[in-house]
Each structure stands twice: as structure tokens, then as C-alpha cells.
Amino acid sequence: HGIDPMIEGKVFEAPAIAALPGVRHGFFTREGGVSSGLYASLNVGFGSDDDATDVRENRRRVAAHLGATFAGAPLADVATNYQVHGATARIIDRPDPDGQRPKADALVTATPGLAIGALTADCTPVLFADAEARVVAAAHAGWRGAVTGILEATIEAMESLGARRSRISAAIGPTISQAAYEVGPEFEAQFVAQSSDNARYFTTPAGRDRSHFDLPGFCRDRLAGLGLAAAEDLAICTYADESLFFSYRRGTHRNQPDYGRQISAIVLT
């Protein structure tokens with residue numbers, strides 16, 4: 001797909017979704033926007049302390065890049081949730097009223113031209129599409145959402161609109177890698193209590209005393225168990241590449257007061 005001239009930065013695509021007819025998507029980076037300072041440059045998070053006018057323009061650029069339209073006019077924004085690290089998937093068929101972003105962690109739609117997205121700054125974004133049923137979804141899977149079933153809830157919501165899991169392609173976008181995701185013993189105990197099998201997602205690097213958690217691997221295996229047509233992982237780390245991605249954890253390690261958010265978005269054409 002040609003890059004919208006407004007988004008001059010890099011936008012990643014997943015081959016399994018890019019190959020589908022009638023669907024456009026992008027795992028956007030922090031490049032190509034108008035924000036400055038800590039938020040340079042394509043920060044799409046209204047939850048940050050960035051200038052709201054800049055955030056609005058950045059989100060408009062994302063919608064334009066995807067060719068998003070509703071009722072015959074270009075969309076000024078991508079629909080997103082007020083994310084709460086839970087397992088609620090929300091179905092929409094029209095843009096949210098300005099400023100209203102209900103609490104949920106996944107969005108599902110069968111409405112052409114309505115771009116939907118998930119905001120992340122280390123958590124795992126997952127995009128889904130059933131090209132035949134014409135249903136798409138965008139999920140935000142932090143560890144809490146992943147373990148309580150956000151990915152499963154997203155698939156169920158898609159099925160309620162006519163999708164079939166045997167036709168759904170899913171892709172994991174840029175997220176924090178195991179190498180950068182150090183966790184405490186209570187965190188690990190919580191996962192292992194749910195299933196002893198979950199111990200395999202934790203390793204302690206040589207010379208370190210704390211475990212590192214494989215969030216994308218955990219999400220990948222959850223997806224693999226759902227009987228989907230395809231489940232890809234772009235295997236790109238948000239923490240490792242400061243030039244391309246915002247990272248909550250990297251900001252925390254540097255005692256920065258705030259951080260930007262990138263977006264992973266999808267639309268039916």
C-alpha cells in the first residue's frame with residue numbers, strides 16, 4: 001500500500017493481513033506526526049499530557065493513512081477505547097462521539113470505512129481480520145488482559161458478527177520483548193498459580209536475580225490455541241528501539257514524567 005503523504009514515518013504491516021482483500025491495516029510507529037519533546041512525533045494518546053491539538057492531528061493522519069471514511073466523508077479520528085487492562089471487547093458500527101471512549105480493551109467492527117485501533121507503549125497490540133465475513137478487530141493485551149481472556153473475548157465478539165475463527169488472521173505488533181521485561185516474584189507466582197504450564201514464559205538471564213516474562217510468546221500461544229487461519233508475530237521490541245517506538249518501561253527507567261503511545265489500527269475498505 002502507498003504511504004499517505006502525511007505519515008512520513010515507518011508503518012509496519014503483517015503479511016497475513018496485508019494479503020487479505022478489502023482490509024487495510026498498520027502497526028504505526030512514533031514517526032510521522034506533529035508532537036514534540038517526549039511525545040515526538042506521532043503520539044496518539046489522549047491519556048498523555050501532550051498537547052491535545054497535536055494528538056488530534058496525529059490521529060487524523062492515522063485515519064487518513066488508512067483511507068478511513070464514514071457516511072461519505074473522511075474520518076477525523078480512529079476509534080479507540082479507554083483501555084483498562086481487562087477482557088472486554090466492544091462492538092461498534094459508527095464513530096464514537098467526540099471525547100467518549102468507553103472502558104474496554106478491544107474493538108470489533110463490520111462497518112466499512114470505520115477505522116479502529118489499539119494504543120500501546122509496551123503492551124501487545126493484536127489486529128484481527130476475517131475478510132470473507134468482513135469483520136475486523138483491534139485488541140490491547142497487557143499481561144492482565146492476556147491472562148484474563150481479552151484475545152478470546154475479541155474472537156467471540158467477531159463471531160457474533162458472522163466471523164469464523166477458521167478464517168480469522170491475527171497479527172501481534174510491536175511489543176516489549178522478554179529480554180526487556182523484568183518482573184517480580186509475585187507476578188510470576190500469579191501466572192504459575194493459574195497453570196503450572198505458564199512457568200515456561202519466565203526465564204532468569206545469567207547474572208540476574210529476577211525473571212523476565214515473555215508477553216508476546218504468551219499471547220502467541222493463546223492465539224495458536226484458538227484455531228485461527230493464521231497468527232503472526234512481527235517480533236519487534238518497543239523497548240529496544242527508541243527511534244521508532246514509545247515505551248512506558250523505558251520512560252520509567254529514565255525517570256521521565258510521561259510517555260507517548262503508538263497505535264495499531266485496521267479498517268475494512
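Preceding this section is the structure that the text describes.
It should be emphasised that the depicted structure is a prediction, and the values quoted were computed from it without experimental measurement.

*Asks:* Summarise the pattern of salt bridges; cite the residues concerned and give the values.
*Replies:* Under the counting rule described, the total for this entry stands at 16 salt bridges. In this structure, D96 and R90 form a salt bridge, with 2.9 Å as the shortest nitrogen-oxygen distance. Residue R208 pairs with E182 through a salt bridge whose shortest N-O separation is 3.2 Å. Placement of the pair is R208 in the loop between β12 (202-203) and β13 (211-213) and E182 in strand β11 (residues 182-183), with a sequence separation of 26 residues. Overall, the relative accessible area of 28% leaves E182 in the partly exposed class.

*Asks:* Could you give me a rundown of the state of the cysteines, with the residues and numbers involved?
*Replies:* Note on terminology: disulfide describes a covalent bond linking the sulfur atoms of two cysteines. Inspection of the entire model under this criterion finds zero disulfides. You can see C123 has no disulfide; the closest cysteine sulfur is in C219, sitting 9.1 Å from it. C237 forms no disulfide, and the closest cysteine sulfur to it belongs to C123, at a distance of 13 Å. Its relative accessible area of 14% is what places C237 among the buried residues.

*Asks:* Provide a residue-level description of the nonpolar core, including the pertinent values.
*Replies:* Judged by nonpolar contacts, the single largest core of 38 residues is most densely connected at V23, F28, V62, I116, I263 and I266. Elements represented by at least two residues in this core include exactly β2 (23-28), α2 (52-65), β7 (116-120), β8 (124-130), β9 (135-141) and β15 (262-268). By residue number, the principal contributor to this core is β15, which donates five residues. Counting 36 residues, the second-largest nonpolar core is a separate cluster that includes A106, F128, I155 and A170.

*Asks:* Let's hear about the sheet that holds β2: which residues, and what values?
*Replies:* One open sheet holds the four strands; their spatial order is β1-β2-β15-β7, and the pairing between them is antiparallel. Of all strands in the sheet, those with a lone pairing partner are β1 (11-12) and β7, marking the two edges. Relative to β15, β7 runs antiparallel, the two being bridged by five bridges. Within β15, the residue paired with L119 across the bridge is I263. Here α2 sits on the sheet and contacts β1, β2, β7 and β15; the angle it forms with β2, its principal contact strand, is near 145°.

*Asks:* So what's going on with the pairing of β7? Residues and values would help.
*Replies:* Most of β7 sits inside the fold, with five of its five residues counted as buried. The side-chain alternation of β7 yields two buried faces, one formed by I116, A118 and T120 and the other by G117 and L119.

*Asks:* Please set out the environment of G142 residue by residue, giving values where relevant.
*Replies:* Assignment of secondary structure puts G142 in the loop between β9 and α3 (143-148). Distance in space between the C-alpha atoms of G142 and G86 is 8.6 Å, their sequence separation being 56 residues. In this view, G142 contacts H85, C123 and L215; residues no more than four positions away in its chain are not counted.

*Asks:* Can you tell me about the sheet that holds β12, naming the residues and giving the values?
*Replies:* A sheet is described by the order of its strands in space; here three strands give the open sequence β11-β13-β12, paired in antiparallel fashion. Only two strands of the sheet have a single partner each, and these edge strands are β11 and β12. Where β12 lies against β13, two bridges are found, and the strand directions are antiparallel. Within the sheet, the bridge partner assigned to T203 lies in β13 and is H212.

*Asks:* Explain the pairing of β8 residue by residue, including any values.
*Replies:* Within β8, seven of the seven residues are buried, leaving the element largely enclosed by the surrounding structure. Here β8 shows no split at all, with T124, V126, F128 and D130 on one side and P125, L127 and A129 on the other all buried. Examined bridge by bridge, β8 and β9 share seven bridges and lie antiparallel to one another. The residue bridging F128 from the neighbouring strand is A137, located in β9.

*Asks:* Which residues make up the side chain of N43, and what values go with them?
*Replies:* Mapped onto the fold, N43 is located in the loop between β2 and α2. For N43, the side chain forms a polar contact with the side chain of S48, separated by 3.0 Å. Other than its neighbours up to four places away in sequence, N43 contacts S35, S48, D50, V55, N58, F246, G260 and R261.

*Asks:* Any chance you could break down the environment of A231 for me, citing the residues and the numbers?
*Replies:* Locating A231 in the fold gives a position in strand β14 (residues 230-233). Given the relative accessible area of 37%, A231 is considered partly exposed. Sequence separation between A231 and S211 is 20 residues; the distance between their C-alpha atoms is 26 Å. Apart from residues no more than four positions distant in its own chain, A231 is found in contact with A170 and L223.

*Asks:* Run through the packing of aromatic side chains, naming residues and quoting values.
*Replies:* Per the counting criterion, the structure on display carries 15 aromatic pairs. Seen from their ring centres, F191 and F213 are 4.7 Å apart, and the 50° between their planes marks the pair as tilted. Of this pair, F191 sits in helix α5 (residues 185-194) while F213 is found in strand β13, placing the two residues 22 residues apart along the sequence. Here F191 and F213 have matching classes, each one buried. Of the aromatic side chains, those joined through ring pairs into one cluster are W143, Y181, F187, F191, Y201, F202, F213 and F218.

Rules behind the numbers
- Residues numbered from 1 in each chain as written.
- Predicted model: local features only at pLDDT ≥ 70, side-chain atom pairs only at ≥ 80, totals over all residues.
- Heavy atoms only, no water.
- Salt bridge = Lys/Arg side-chain N within 4 Å of Asp/Glu carboxyl O.
- Helix = DSSP H or I, 4+ residues; strand = E, 2+ residues; numbered from the N terminus.
- Buried < 20%, exposed > 50% of the residue type's maximum accessible area, 1.4 Å probe, protein only.
- Disulfide = S-S within 2.5 Å.
- Core = buried A, V, L, I, M, F, W, Y, C linked by side-chain atoms within 4.5 Å.
- Pairing = 2+ DSSP bridges.
- Contact = heavy atoms within 4.5 Å.
- Axes fitted to C-alpha atoms, helices over the stretch in contact; angles between N-to-C directions.
- Polar contact = N/O pair within 3.5 Å; in protein donor to acceptor, adjacent residues only side chain to side chain.
- Phe/Tyr/Trp six-rings, centres within 6.5 Å; stacked < 30°, edge-to-face > 60°.

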